[in-house]
Amino acid sequence: MEFVTALRGNFDDQKPSLFELLSEQQLNSLLPPTLRYLLTVATHRYPRYLLRALNSFDELYALAMLVVERHYLRTRGGSFTEHFYGLKREKALHAEIPRAAATAPGIVRETLKLRDTDVWKNLAVMVAIPYLKRKLDESHEIEAPRALLGTNYTRMPANPTIRQRIMHYYKWFIRNVYPSVHAAYYFSIIAFNLAYLFDNTKYHNPFLWLIGTRIRRMNAADLQAVEALSHPKPGNASRPTSIFAPRTLGPKLLGSLSVLLPASIFALKFLEWWYASDFAKQLSRKAAENLELPPPIVSGLSALGAKLPLKKAQPNTDTGDSDKPESSDDLSLAENAPIATPSLLPILVVSPPANSEFCPICEDTITTATACQTGFVYCYACIHKWLEGMHPRQEAFMADRAGKWESGQGRCAVTGRRVLGGTEGLRRIMV
C-alpha cells in the first residue's frame, strides 16, 4: 500500500506524454503544406490575383500565424493546435506545488499565466524560428548542388559590391556551416525528447528551455476561463451587440480555427488516402471500363496520329504579286516539323546528329554537356540560347517567317516539346 501511495504521489497528471506533444507537432507541421496546396490550386484558376500571394507564401503565412498564435496565447494560453489537443503553456517552476494546484487551481493558473513578455518569447519560438528554418532549408536546396559544379559557380565576382559580398558569405555559410547547424538542431531536439520521456527534464524542446516555458494539460480552471470568454462581461451585459460586430466576430473566427483547420487537414488526408488507395483505383477502373474516348484530332494530323501531306499553295493570278507562294523548302520542312497545339504553327526543330558526341544545334563537339528533360544532350550555351529564343540559328530562320513558324523558344531543339521551367529545367552532366 505504501508503494502504491508513493507512485500516486509522484505522478503528475497535468504533464502531457511525449506522444501527445509529437502528435501536436506533426499536426502543426502539416499546416504550411496544406495551405500552400490549397493556394496553388486556387492560383491555377485565378493567377492574376493570387500569383503574388503564392510567391510570398512564407511571409504571409508567418504574419497570419503571428496574429492567430498571439490571440491564442493571450486567451487560451497556448497555440491553436495545442488547444485542439487540450494543452497550454505556462511559466516553469523550479519545484512542483501539487498541494497548491489541487486546493487553489485558479490562483496557480493566474500566477503561472504567460505575461506579455512571455507571449512574445513564445511567438519567436513558434513563428520566427520555423520561418527562418524554412528559408534556410530552401537556400540550402538551391546552393548545395551548385557546389558540385565547380568553383566557377561559387567564387566571388570581380570587383564585388557590398550586397554581392554579403550574398557570397551567406551562400558560403549555407553550403559549409548550415548542415552542421541543422544536424545540431535535430540532435538537441532528440536529446530533449529522450530526457523528457524519462522524466529528467520539464522541457521537450531546447527553445522552450531557453525561454523558461513548459507545456501542460489544461485543468478545470483553464476550461472555465476559456468558457468565460464566450460570455459577456458584467459591465457590458446591458449593451446590445451584433454578431457581425468586429469585436464579436473577430474572436469567434479566431476561436473556430482550433477546430476548423485540424478538421480540414484530416479531410485532406482522407482524400489523399482515398485517391492513392487501391480501392478507389478499382472503383474508377470499373466506372471507366465501358467508356471509349476517341483520340484528339489536331490540324495537320490524322485521327491515328499520322502526318497528313500539306497541300502546296497555288499561285493566285487574281491578286497580283502581293501574295507569293511558299517555297518548296518551307513546305518540306513543315511536313516533318511538329505542330504547336495552341497556335497550330510548325515548330522549328533540328535533326539529331548521327554521332552522339556532337551537339544537334551547332553540329560541333559538345562542350559543357547539358541534358534536356527529353533526354537529348547539347552544349550548355546552345540549349540555353535556344530556350531563350536568341540562338543565331533561330534568328536567321525566323527573319522572314514571323507569324508562320514558331522559333522553338522554350522547347527542346530536337523534339519540339515544351521544357518545364525553361532554363531552370536543364541539368549539367558530370563526365
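Residues numbered from 1 in each chain as written. Predicted model: local features only at pLDDT ≥ 70, side-chain atom pairs only at ≥ 80, totals over all residues. Heavy atoms only, no water.

Draft legend 1. The overall build of the protein, seen in detail. When its secondary structure is counted, the protein shows 17 helices and five strands. Classification of the 431 residues of the protein by burial places 28% in the buried group. Of the contacts formed within the protein by residues at least 6 apart in sequence, a portion of 62% connects residues at least 24 apart. (Helix = DSSP H or I, 4+ residues; strand = E, 2+ residues; numbered from the N terminus. Buried < 20%, exposed > 50% of the residue type's maximum accessible area, 1.4 Å probe, protein only. Contact = heavy atoms within 4.5 Å.)

Draft legend 2. View of the pairing of strand β2 (residues 213-217). The element β2 is largely enclosed, with a buried count of four among its five residues. When strand β1 (residues 87-91) meets β2, the two strands line up antiparallel, connected through five bridges. Opposite Leu87, over in β2, you have Arg217 as the bridge partner. (Pairing = 2+ DSSP bridges.)

Draft legend 3. Broad picture of the sheet that holds strand β5 (residues 427-428). The sheet built from three strands is open, its strands ordered β4-β3-β5 with antiparallel pairing. Sheet topology places β4 (377-379) and β5 at the edges, where each strand pairs with a single neighbour. Relative to β5, strand β3 (residues 369-371) runs antiparallel, the two being bridged by two bridges. Paired with Thr370 across the two strands is Arg428, which belongs to β5. Strands β3 and β4 of the sheet are contacted by helix α16 (residues 380-388), whose axis makes an angle of about 95° with β4. (Axes fitted to C-alpha atoms, helices over the stretch in contact; angles between N-to-C directions.)

Draft legend 4. How the structure looks around the packing of aromatic side chains. Here the structure, examined in full by the defined rule, presents seven aromatic pairs. Where Phe84 meets Tyr85, the ring centres are 5.5 Å apart and the plane angle is 85°; that geometry is what we call edge-to-face. Residue Phe84 is classed as partly exposed on the basis of its relative accessible area of 32%. Ring centres 5.1 Å apart and planes at 80° place the aromatic pair Tyr185 and Tyr186 in the edge-to-face group. Three or more aromatic residues joined by ring pairs form one cluster here, namely Tyr185, Tyr186 and Phe207. Above the plane of the ring of Tyr72 lies Arg76, whose end atom (NZ or CZ) is 5.3 Å from the centre. Positioned over the ring face of Phe397 is Arg401, at 4.1 Å from the centre of the ring. (Phe/Tyr/Trp six-rings, centres within 6.5 Å; stacked < 30°, edge-to-face > 60°. Lys NZ or Arg CZ within 6 Å of the ring centre and 35° of its normal.)

Draft legend 5. Representation of the packing of helix α7 (residues 105-112) against helix α12 (residues 220-228). One can describe the packing of α7 onto α12 by two numbers: an axis separation of 9 Å at closest approach and a directional angle of 75°. In terms of orientation, α7 lies roughly perpendicular with respect to α12. From α7, Pro105, Gly106 and Arg109 reach across to α12, where they touch Ala221, Asp222 and Ala225. A per-class count over the contact of α7 with α12 returns three nonpolar, one polar and two charged. (Parallel < 35°, antiparallel > 145°, perpendicular 65-115°, else oblique. Nonpolar A, V, L, I, M, F, W, Y, C, P; charged D, E, K, R; others polar.)

Draft legend 6. Region of interest: helix α2 (residues 18-45). Here α2 is 28 residues long and its end C-alpha atoms lie 42 Å apart, about the 40 Å a rise of 1.5 Å per residue gives. For α2, the principal kink sits at Leu31 and spans about 25°; a proline, Pro32, occurs within the next four residues. All buried positions along α2 are accounted for by Leu18, Leu21, Glu24, Leu27, Leu31, Pro32, Thr34, Leu39 and Thr43. (Expected span 1.5 Å × (residues − 1). Bend = angle between axes of the 7 residues up to and from the residue.)

Draft legend 7. Representation of the side chain of Thr81 in the model. Tracing the chain through its elements places Thr81 in helix α5 (residues 80-84). Given the relative accessible area of 1%, Thr81 is considered buried. Among the polar contacts listed, one links the side chain of Thr81 to the side chain of Ser79, at a separation of 3.3 Å. In contact with Thr81, other than residues within four places in its own chain, are Glu24, Leu27, Asn28 and Leu31. (Polar contact = N/O pair within 3.5 Å; in protein donor to acceptor, adjacent residues only side chain to side chain.)

Draft legend 8. Looking closely at the nonpolar core. Counting 22 residues, the largest nonpolar core has Cys359, Ile361, Tyr378, Ile383, Trp386, Cys412 and Ala413 as its most contacted members. Residue assignment for this core shows that the elements contributing at least two residues are β4 and α16. Residue contributions to this core peak at four residues, all from α16. Counting residues in each nonpolar core, the second largest holds 17 residues, with Leu31, Phe57, Met65 and Leu73 among its members. (Core = buried A, V, L, I, M, F, W, Y, C linked by side-chain atoms within 4.5 Å.)

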